[in-house]
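What follows is the residue order along each chain.
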Amino acid sequence: MKNLLSKRISVAAGREAADLVLKNARIINVFTSSIQEGDVAIQDGYIAGVGHYEGKEEIDLQGAYLSPGLIDGHVHLESAMVHPAEFAKAVLPRGTTTIIADPHEIANVSGIKGIQFLLEASKSLPMTVKMMLPSCVPATNFENAGAVLNAEDLAPLYQDAAIIGLGEMMDYPGVIQGREDILDKLVGAKDKVIDGHGPEIQHRDLNAYVAAGIRTEHECSTEKEMEDRLQKGMYILIREGSAARNLTTLSKVVNRDNSRRCLFCTDDKHPEDLLQRGHIDNNLRMAVQAGIDPITAIQMASLNAAECYHLRHLGAIAPGYQADLVVFEDLQDFRATKVFQKGCLVASEGKVQTTIPSVSASHLHHTVNLSPVEQKNFRLPISSDTLQVIQLQPHSLVTQKKLRKVNRVDGFFEQDHRLDLLKIAVIERHRRTGNMGLGLVEGFGLKNGAIATTISHDSHNLIVIGDNDPDMALATETLRKVGGGITLCHQGKVLKTLALPIAGLISEEPIDQVHQQLEEMIHLAHDSLSVSRSVDPFMTLSFLALPVIPEIKLTDMGLFDVSQFQFIPLEATD
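Quick caveat: nothing in here was measured; it's all calculated off a predicted structure.

(A) Region of interest: the side chain of T478. Its place among the elements puts T478 in helix α14 (residues 469–482). T478 gets classed as buried once you look at its relative accessible area, which sits at 12%. The residues contacting T478, other than those within four sequence positions of it, are T487, V494 and T497.

(B) Local environment of the side chain of T487. Take T487: it is sitting in strand β26 (residues 485–490). For T487, a relative accessible area of 0% gives the class buried. Of note is the side chain of T487, whose polar atom sits 2.7 Å from the side chain of T497.

(C) Structural context of the UniProt feature "domain: Adenine deaminase C-terminal" (unreviewed entry) in the chain. Residues annotated in UniProt with the feature "domain: Adenine deaminase C-terminal" (unreviewed entry) correspond here to residues 397–566. Overall, residues 397–566 shows 22% helix and 34% strand. The separation of its end C-alpha atoms is 19 Å.

(D) Region of the structure containing helix α15 (residues 511–527). With 17 residues, α15 ought to run about 24 Å at 1.5 Å a step, and its terminal C-alpha atoms sit 24 Å apart, in line with that. Looking only at α15, the buried set comprises I511, V514, H515, L518, M521, I522, A525 and H526. Along the long axis of α15, the arc covered by the buried residues comes to 135°, so they all point the same way. In this structure, the buried residues of α15 make contact with α2 (84–91), α10 (271–276), β24 (449–453), β26, β27 (493–499) and α16 (537–542).

The rules behind the values
- Residues numbered from 1 in each chain as written.
- Predicted model: local features only at pLDDT ≥ 70, side-chain atom pairs only at ≥ 80, totals over all residues.
- Heavy atoms only, no water.
- Helix = DSSP H or I, 4+ residues; strand = E, 2+ residues; numbered from the N terminus.
- Buried < 20%, exposed > 50% of the residue type's maximum accessible area, 1.4 Å probe, protein only.
- Contact = heavy atoms within 4.5 Å.
- Polar contact = N/O pair within 3.5 Å; in protein donor to acceptor, adjacent residues only side chain to side chain.
- UniProt positions renumbered as here; feature names shortened; annotations may be inferred.
- Expected span 1.5 Å × (residues − 1).
- Arc of directions from axis to C-beta.

Structure, rendered in structure tokens:
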């Protein structure tokens, strides 16, 4: 260590040639919000100096822009549905060199084993992967997950240098009430960062939430929510994912006075979105289009994120910082032509330039444990013809509670294709309990079939939606046989299935192949099953079982009112 430091100082002082010098760059200074022309000297993976340097190897950037590597402040690797090595292949060429990952999806299925798999798989990647420990496994006490993790379970994991904090604290009622088990987790995080997940909290409740030590929020969907949290000193992670897309709205709040408290995240992104729209580079493009200054946007995507998560060696182009760098042709399209991580060229012209090893996950197979499910299990008994239904909102995780008149025949719900109402079921899939919650969804638009998936945030029980019981039963049985995934059924036939054998969440196929399969399945969902074009069929479905996003959701235990944080009957009450 001492020898490396001595060498870096010698290179910085100009006494020795650097390992690598990037020549003739327009260097983006995120400290002064300026651009300076010159060279960047790199020694042993760190920046030694900025100015005029010679190196053993030199690359002439010919006036291209040189930016710090991009940082995703909050992402679930599992949502890409591919092995972490495949995720890296997708985002590195886009300029992302660091991610803050929250493994609570796989933890809700496989507990500590799931977290350890992602830790092990991430350590060999040519990018920096830091992790937040899942704070809510299960997300609430109102659903059955595959594991339960308390403060004592999490404590030993903090010894791993990759663990930098406590992940999104979505049990905000537990925080506000000062519940003992939540306090244990908050105290256990000690001086580490604690992520928030508190949509629509207001007034004194918001004060209590922030007073608990929670410092970030990625669930803002309105300008008012963002402004309230900025005033309380929180960092705001402006999210642009596959299901929740908040960047255009929240960019209106960003100004010269508050921009240093803002950063970017993707939260959940499917393969097709990563490959077609991009990753944090997409956030940059959209931010600039929304009126944010390009250098401010880069600052948000680098230095702000690094400072938020106490990554003092990342996020800037300056002496002593890790040489994570991106070469952009311009500051509008943000097309990365070269990407360096620790001073090594890892991607060029959209392609990875290094070998990315993959670790085995066979020990996380066979996680779909269902009790037998038959057509009759999907019959929905009702005692009233006025029911409370889940109404979808386009491009949002937020749903609304609505009252709707339905057909009731012999004491059961009867499908009426003149109404845009579909039956939905959440089936416990971890311990064969036989639990099944049944409800109705408006706005999905499916006809003559069913869609099922074992991706249902955050407990990842099996969720199935359809307009007839035989197809719903067929879809459920199909996923049981393949060990988890996504399937489409139409008039008694399986149209297509994407198997996700790793915890029922992740494929073992290359990301290009997963993307092709998903693209075909999305077309089938819209064209053959008539799913609404305003709905991402799989991402939207996967969030309908998340009982911490307002206003109404369904778990394996029943219909849940998130605003009241309690179960409600399907039938309307006075």
